[in-house]
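Observations on chain architecture
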Amino acid sequence: MSRTCLAVILAAGDSTRMKSSMSKVLHPVAGLPMIGHVMRTVASAGIADVALVLGRDADAVAKAATVEGVNARTFLQTERLGTGHAVLSARAAIADGFDDVLVTYGDAPLVTAGPFAAARAQLAAGADVAVIGFHTDRPTGYGRLLVENGQLVAIREEKDATDEERKVTWCNSGIMAINGRKALQLLEKIDNRNAKGEYYLTDLVEIVRAGGGRAVAVDAPETEMAGCNNRAELAVLERLWQERRRQEVMLSGVTMIAPETVFLAYDTKLGQDTMIEPNVVFGPGVTVESGAVIHAFSHLEGAHVSSGATVGPFARLRPGANLAAQSKVGNFCEVKKAEIGEGAKINHLTYIGDAIVGAHTNIGAGTITCNYDGINKHVTQIGANAFIGSNSSLIAPVSIGNGAYVGSGSVITEDVPADALALGRGRQENKPERAKVIRERAIAFKAEKTKG
């Protein structure tokens, strides 16, 4: 039978050092609030119950912490009296009698499920407290984990450590797992007899040992334990997250020419054999299927790029852009809330918004869909195998039929029938069947040229 677990996530800090108008845990890493990363990790670790200890921006933090499959209860910490006091803010949840209680932090977005599992495994083996630590060559400022004969005997804060203890490089991350059946009893024994008058969670180690229990430490990678107190540390978290995710993506079969210049979002999905050129930025909600190419200096958000499609260089795909297989959005083009059909080409200097572009249609340079009338957005529909000449303005709502031609420099205000030629220079004139004649003439010319 699997053990039950409650994760207590401490997210009530005032984030004074962030110099921000919003809670620290709401600041994003890879496009997702830090608290969202922590909740996703908790869910991936198989933990379905969470107690969120909140303070500033409580409603916004609770919303950002919503993850499918996780039951999160919120508890308000009205006073800041130390980490032990913060955990006891969730007394009602802890009292439900879980096998394990895992205490972690809302500003630790890099932690993975592995350390959580390692700490809980120690509880299953009989430990009352399992503290997650990390080894570092820069231990200054951290509490040291003092271990004897495989057991954790104390967590010594640097200011209280001896010269010999300061040489220890195994440091306290602040994350720990506690025997859930004893958690309240142990937490209530923490006192505030110290210089700051606060209740320190780290005192649990000596409390456990004084009662004849066992405390242990488990190791985790230093990068996973990184927290955040200011904007400089937030930038470090972003860099570390990006480095880790790029490595995972490349090992999955994605080519990045200059990975250090590519920025991914927390939910970016890249298919095998995708090619990503330098200086590409992915906002949230992007899927790129296998074999697609994203050329340099492109920005994608809320977009879907199908197999074999190409984007850029210097292209922008905004939310709702959906590129079918083998389609192309070229340099200095912007696409928003538009369906681009299979094999369609939007090569350069073009804006396509609120539109449907049919398969194998060609959109000439400088074309724009005029989708906004100052109040409402309107749709432009362009059929398959159509040709839109350069510098054309398509005034939505408007429909251009299959196989139609729009002459360069046209302003199109009326629907264009299939296979018609539309000349919108001045008053628009539709010439039935002329597009078909022009196309047949062009095909014959090309055949004659090829033969010659």
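Quick summary incoming for the structure in this document. Computed from a prediction, not measured in an experiment: that's the story for all the values here.

Pairs may arise between side chains of opposite charge once their charged atoms sit close together. Within the structure shown, the criterion is met by 21 salt bridges. Across the pair Arg73 and Asp96 runs a salt bridge, and its minimum N-O distance is 2.8 Å. Of this pair, Arg73 sits in strand β5 (residues 71-76) while Asp96 sits in the loop between α4 (91-94) and β6 (100-105), and the two are 23 residues apart along the sequence. With a closest N to O distance of 2.7 Å, Glu334 and Arg318 form a salt bridge. Taken together, the residues Glu334 in strand β24 (residues 334-340) and Arg318 in the loop between β21 (316-317) and β22 (321-323) connect sequence positions 16 residues apart. Residue Arg318 is classed as partly exposed on the basis of its relative accessible area of 24%.

A cluster of nonpolar side chains, contributed by Phe297, Phe314, Phe332 and Leu349, occupies part of the molecular surface with about 420 Å² of accessible area. Residue position: Phe332 is located in the loop between β23 (328-331) and β24.

Most of strand β26 (residues 351-357) sits inside the fold, with 6 of its 7 residues counted as buried. Where β24 lies against β26, 6 bridges are found, and the strand directions are parallel. Paired with Ala338 across the bridge in β26 is Ala355. Note: β26 against strand β29 (residues 380-382), 3 bridges, orientation parallel. Among the inter-strand pairings, Ala355 is bridged to a residue of β29, identified as Thr380.

Following the criterion strictly, the structure yields 4 aromatic pairs and no others. On the numbers, 5.1 Å between centres and 90° between planes, the contact of Phe134 with Tyr142 is edge-to-face. Feature note: the residues Phe297, Phe314 and Phe332 constitute an aromatic cluster, connected by ring pairs. Positioned over the ring face of Phe263 is Arg246, at 5.2 Å from the centre of the ring. Sitting over the ring of Tyr372, Lys377 keeps its end group 5.4 Å from the ring centre.

We now examine the side chain of Thr104. Tracing the chain through its elements places Thr104 in strand β6. Its relative accessible area of 0% is what places Thr104 among the buried residues. Once you skip the residues sitting within four places of it in the chain, Thr104 turns out to touch Val8, Ile9, Leu10, Val38, Phe116 and Ile175.

The next thing to look at is the sheet that holds strand β25 (residues 345-348). The 11 strands are arranged β12-β14-β17-β20-β23-β25-β27-β30-β33-β35-β36 in an open sheet whose pairing can be described as mixed. With partners counted over all chains shown, the strands left at the sheet margins are β12 (255-256) and β36 (429-431), one partner each. As judged from the 2 bridges shared by strand β30 (residues 387-388) and strand β33 (residues 405-406), these two strands associate in the parallel manner. Note that in β33 the partner of Ile388 across the bridge is Val406.

Glancing now at the layout of surface pockets. Considered as a void within the structure, the second largest pocket measures approximately 310 Å³ in volume. For the lining of the second largest pocket, the secondary-structure elements that each account for two or more residues are α1 (34-44) and α9 (231-251). When its residues are assigned to classes, the lining of the second largest pocket shows 5 nonpolar, 4 polar and 4 charged.

So, on to the pairing of strand β9 (residues 151-156). Bridging between strand β8 (residues 144-148) and β9 involves 5 bridges; their strand directions are antiparallel. Bridge pairing links Arg144 to Arg156 in β9. In this antiparallel pair of consecutive strands, β8 and β9, the connection spans 2 residues, and Asn149 shows a positive phi of 55°.

Turning to the environment of Ala365, a few remarks are in order. As for its placement among the helices and strands, Ala365 is situated in the loop between β27 (362-363) and β28 (368-370). Spatially, the C-alpha atoms of Ala365 and Pro33 are 39 Å apart, while their sequence positions differ by 332 residues. Ignoring any residue separated from it by four or fewer positions in sequence, one finds Ala365 in contact with His348, Leu349, Thr350, Ser390 and Asn391.

Of all hydrophobic cores here, the largest spans 71 residues; its most connected members are Val8 and Ile178. By residue number, the principal contributor to this core is strand β1 (residues 5-11), which donates 7 residues. When neighbours within four sequence positions are excluded, Val8 is seen to be in contact with Ala51, Val53, Val87, Ala90, Ile94, Val101, Leu102, Val103 and Thr104. In this structure, Leu240, Met256, Leu300 and Val329 belong to the second largest nonpolar core, which totals 56 residues.

This brings us to unusual backbone geometry. It is generally the case that most residues other than glycine have a negative phi and that most peptide bonds are trans. For the peptide bond that leads from Gly312 to Pro313, omega is 5°, which places it in the cis range. Topologically, Pro313 is positioned in the loop between β20 (310-311) and β21. Following Ala396, the chain continues to Pro397 via a peptide bond in cis, the omega torsion being 0°. Checked against the element boundaries, Pro397 lands in the loop between β31 (393-395) and β32 (398-400). Here the phi dihedral of Asn279 falls at roughly 60°; this positive angle occurs in a residue that is not glycine. Exposure remark for Asn279: the relative accessible area of 31% places this residue in the partly exposed category.

Turning our attention to helix α5 (residues 113-124). An ideal rise of 1.5 Å per residue puts 16 Å on 12 residues; α5 measures up with 16 Å between its terminal C-alpha atoms. Looking at the buried side of α5, the elements it contacts are β1, α1, β6, β7 (129-135), β10 (170-179) and β11 (215-219). Positive phi shows up at Gly126, right after α5, with a value of about 115°.

Conventions and cut-offs
- Residues numbered from 1 in each chain as written.
- Predicted model: local features only at pLDDT ≥ 70, side-chain atom pairs only at ≥ 80, totals over all residues.
- Heavy atoms only, no water.
- Salt bridge = Lys/Arg side-chain N within 4 Å of Asp/Glu carboxyl O.
- Helix = DSSP H or I, 4+ residues; strand = E, 2+ residues; numbered from the N terminus.
- Buried < 20%, exposed > 50% of the residue type's maximum accessible area, 1.4 Å probe, protein only.
- Patch = residues over 30% accessible without salt bridge, like charges linked within 9 Å, V, L, I, M, F, W, Y side chains within 5 Å.
- Areas by Shrake-Rupley, 256 points an atom, 1.4 Å probe, with all protein chains shown as cover.
- Pairing = 2+ DSSP bridges.
- Phe/Tyr/Trp six-rings, centres within 6.5 Å; stacked < 30°, edge-to-face > 60°.
- Lys NZ or Arg CZ within 6 Å of the ring centre and 35° of its normal.
- Contact = heavy atoms within 4.5 Å.
- 1 Å grid on protein atoms, 1.4 Å probe; cavity = no way out; pocket = protein on both sides within 12 Å on 5 of 7 lines; lining within 4 Å.
- Points joined across faces, edges and corners; volume = space filled by probe spheres on them.
- Nonpolar A, V, L, I, M, F, W, Y, C, P; charged D, E, K, R; others polar.
- Core = buried A, V, L, I, M, F, W, Y, C linked by side-chain atoms within 4.5 Å.
- Expected span 1.5 Å × (residues − 1).

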